[in-house]
Amino acid sequence: MSIPPVGPCPRFVAYGITSVRDTHGNMDSILALREEASLGGNAWPRVYSAGAMIDGAPATYGDATEVKTAAQARRAVDARAVAGVDFIKTYTRITPELFKALLDEANALNLKVTAHLGLTDAETASRLGVASIEHMTGIPEAANPRGAEKLYAEHRASFFRGWNAFEKSWATLDSTNLARVAATLVDRNVILIPTLVLHDTFSRLDDPAVLLDPDLKSVPDSEIKRWNLPDLKARAGWTDADYVAFRASRPMQDLFVRIPGGGRSDRGGHRRDQPDASTGTDAAYRDGAAGERGTHPERRPSRRDDQRRPAPRRRFHRDAGCGQGGGPGHSRCGSARRYPQYRDR
């Protein structure tokens, strides 16, 4: 999600939300908010932020960072590492060629990458080393390679044409190919953030009862106004036929996140320590498949952590010139400046 500065932070905690994962925001304001939350002076949740997301050309959002070459992709990652983000977020126009350079640089700086895919399918992204996938994007392209080029053409045309084609394509997929893709993601320890509530809500925006949901009574009117649903529907070009098509896709979306172990049932030998494609699993969190042992897979140590326990050396060496080994080079790297108590480790 993306959170506006300060506004909803106290409300999150009031509803029992203790951690927020921000996947796109103004670099300066969201990182300042994260630092303020980490000090513990306010009843705010922990904030894990990617800063501004990285997109191909032309970037979908004006406040995203647009990259056209591998060198630009690497520099965008470097800039975020210096700023101190917790992870990297990429958007729909990142191609496999850009992904390769971006993921290579992020890996060198010990930063995980989460992706809202568009021009890259999920299996390719997982092979290149993506840590997590947003909204189940890239799954239809991987499950039906023959139809992938049509989807890519829609993604190139515009964001909403790509999103609409992606949503509708789920209805054409079969369970065998979905199980194959799920197994690949499991084997490569990729965490899936399916956001089923998003898919379901978009499929029912033609129903006035959606806005009468009792859960929305606690949402401030100012926030509902900020959503601006009439403008969203107009920009997306959604019609009654689109909502019907979106609803037709919902059963396959629900099925995908319920495929146990990529088609292997628990009764049929699915190991408890094998991550499910649907959640990324406790095992991935516990064993450090996407992060340090016992931590959120995309989290960055906070000042609270510094006071609570020492962390492994590799968490504090983010500059490429440091070599992750301390010494004179490390004393000049951003991690040493941020965590001086680890300067000699």
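In what follows, the structure referred to is the one given above.
Computed from a prediction, not measured in an experiment: that's the story for all the values here. (Residues numbered from 1 in each chain as written. Predicted model: local features only at pLDDT ≥ 70, side-chain atom pairs only at ≥ 80, totals over all residues. Heavy atoms only, no water.)

(A) Structural view of helix 13 (residues 240-257). The terminal C-alpha atoms of helix 13, which comprises 18 residues, lie 27 Å apart, in line with the 26 Å expected from a rise of 1.5 Å per residue. Largest kink in helix 13: about 30°, centred on arginine 250, with the proline proline 251 one to four residues after it. Along helix 13, the residues that are buried comprise Asp242, Tyr243, Phe246, Ser249, Arg250, Met252, Gln253, Phe256 and Val257. In this fold, the buried residues of helix 13 make contact with helix 6 (139-143), helix 8 (159-169), helix 9 (175-187), strand 8 (191-193), helix 10 (196-202) and helix 12 (229-236). (Helix = DSSP H or I, 4+ residues; strand = E, 2+ residues; numbered from the N terminus. Expected span 1.5 Å × (residues − 1). Bend = angle between axes of the 7 residues up to and from the residue. Buried < 20%, exposed > 50% of the residue type's maximum accessible area, 1.4 Å probe, protein only. Contact = heavy atoms within 4.5 Å.)

(B) Focus on unusual backbone geometry. Each neighbour pair has its own omega, and for alanine 57 with proline 58 the value is -10°, a cis peptide bond. Examined against the element boundaries, proline 58 turns out to sit in the loop between strand 3 (54-55) and strand 4 (65-66). Even without glycine at this site, histidine 135 takes up a positive phi of about 65°. Tracing the chain through its elements places histidine 135 in the loop between strand 7 (132-134) and helix 6. Judged by relative accessible area, histidine 135 falls into the buried class, the value being 15%. Although it is not a glycine, asparagine 189 sits at a positive phi angle of roughly 55°. Following the sequence through the fold, asparagine 189 ends up in the loop between helix 9 and strand 8. Owing to a relative accessible area of 32%, asparagine 189 belongs among the partly exposed residues under this scheme.

(C) Expanded view of the nonpolar core. With 64 residues, the main nonpolar core has Ile139, Trp170, Leu178, Trp238 and Phe256 as its most contacted residues. Apart from residues lying up to four places away in sequence, tryptophan 238 is in contact with Phe160, Trp163, Asn164, Phe202, Leu205, Leu232, Lys233, Tyr243 and Phe246. (Core = buried A, V, L, I, M, F, W, Y, C linked by side-chain atoms within 4.5 Å.)

(D) Representation of the side chain of serine 169 in the model. Examined against the element boundaries, serine 169 turns out to sit in helix 8. Judged by relative accessible area, which is 10%, serine 169 ranks as buried. For serine 169, the residues in contact, after removing those within four places along its chain, are Pro140, Leu151 and Ser249.

(E) Examining the environment of aspartate 55 more closely. Its place among the elements puts aspartate 55 in strand 3. According to the relative accessible area criterion, aspartate 55 is buried, its value standing at 0%. Between the alpha carbons of aspartate 55 and threonine 90 there is a distance of 5.8 Å; along the sequence they are 35 residues apart. Ignoring sequence-local partners within four residues, the contact set of aspartate 55 consists of Thr60, Ala64, Thr65, Glu66, Val67, Tyr91, Thr92, Arg93 and Ile94. At 2.9 Å, the side chain of aspartate 55 forms a polar contact with the backbone nitrogen of arginine 93. (Polar contact = N/O pair within 3.5 Å; in protein donor to acceptor, adjacent residues only side chain to side chain.)

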